[in-house]
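Structure assessment
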Amino acid sequence: LKDAVSKLSGLAIVEVAEMDMQMELFAAPNDPMLDKQWNLTDIGMERVWATGATGQGVIVAVIDTGVSRVEDLENTHMLKGASFVPGAATAEDDQGHGTHVAGTIAQSTNNGKGVAGIAPGATILPVKVLSGAGFGSSAWIAAGIDYAVDEGAQVINLSLGGGYSSIIHNAI
């Protein structure tokens with residue numbers, strides 16, 4: 001059969017010749033720890049994944065402790081980002097929370113490793129506004145929000161809290 005495919009491929013009137021192969025649906029990713037992500041079932045991600053939606057072309061700002069490139073984020077499109085934490089020159093995560101959040105959003109999915117991301121085709125914009133201890137000022141956070149908007153973020157994730165802040169409200 002390989003000879004036949006090779007001969008057919010050489011004909012000008014044949015657009016494509018290849019061996020027939022079995023395909024399968026990927027309504028649910030094959031990531032081994034997906035069953036531990038009960039939250040994705042709760043928000044109906046299997047229905048979303050079945051549509052083929054991946055978040056491609058969407059910039060998601062993760063305004064948090066920064067983001068580090070770990071194994072399941074190695075193929076995720078990630079922008080350079082910025083830090084608004086004094087003394088932290090980059091948006092590298094020194095606490096882990098921001099990396100976890102970025103992974104939930106856009107880590108590699110259906111790759112047979114780890115867990116699944118909600119929008120694996122999205123682009124992550126890391127914005128460090130919380131220190132390695134997990135704290136940040138309202139001014140840092142507001143500056144991070146302004147930066148994310150200026151950089152074209154269409155979605156902004158803020159997995160942080162505290163009291164009401166007018167400066168953060170105005171930035172949003």
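What comes next concerns the included structure. (Residues numbered from 1 in each chain as written. Predicted model: local features only at pLDDT ≥ 70, side-chain atom pairs only at ≥ 80, totals over all residues. Heavy atoms only, no water.)

Structural notes on helix H4 (residues 97-106)
The cut-off we apply is this: The buried label applies to any residue whose accessible area, calculated with a 1.4 Å probe on protein chains only, is under 20% of its type's maximum; exposed applies above 50%, and partly exposed to all values in between. We count a stretch as a helix when DSSP gives it H or I for four or more residues in a row; a strand needs E for two or more, and each element gets its number in order from the N terminus. Two residues qualify as a contact provided that any one of their heavy atoms is within 4.5 Å of a heavy atom in the partner residue.
Of all 10 residues in H4, seven are buried; the element is thus mostly enclosed. Listed in full, the buried residues belonging to H4 are Gly98, Thr99, Val101, Ala102, Gly103, Ile105 and Ala106. Those residues of H4 that are buried are in contact with strand S1 (59-64), strand S4 (123-128) and strand S5 (155-158).

Considerations on the pairing of S4
The side chains of a regular strand alternate between both faces of the sheet. Inclusion rule: A pair of strands is labelled paired if DSSP reports no fewer than 2 bridges between them.
With six of six residues buried, S4 lies mostly within the body of the structure. Burial along S4 is two-sided: Thr123, Leu125 and Val127 facing one way and Ile124, Pro126 and Lys128 facing the other are all buried. Pairing of S1 with S4 involves six bridges; the strand directions are parallel. From the neighbouring strand, Asp64 faces S4, where its bridge partner is Lys128. Two strands pair when backbone bridges link them, and strand S3 (residues 82-83) and S4 are joined in this way by two bridges, in the parallel orientation. Pairing of Ser83 across the sheet is with Lys128, part of S4.

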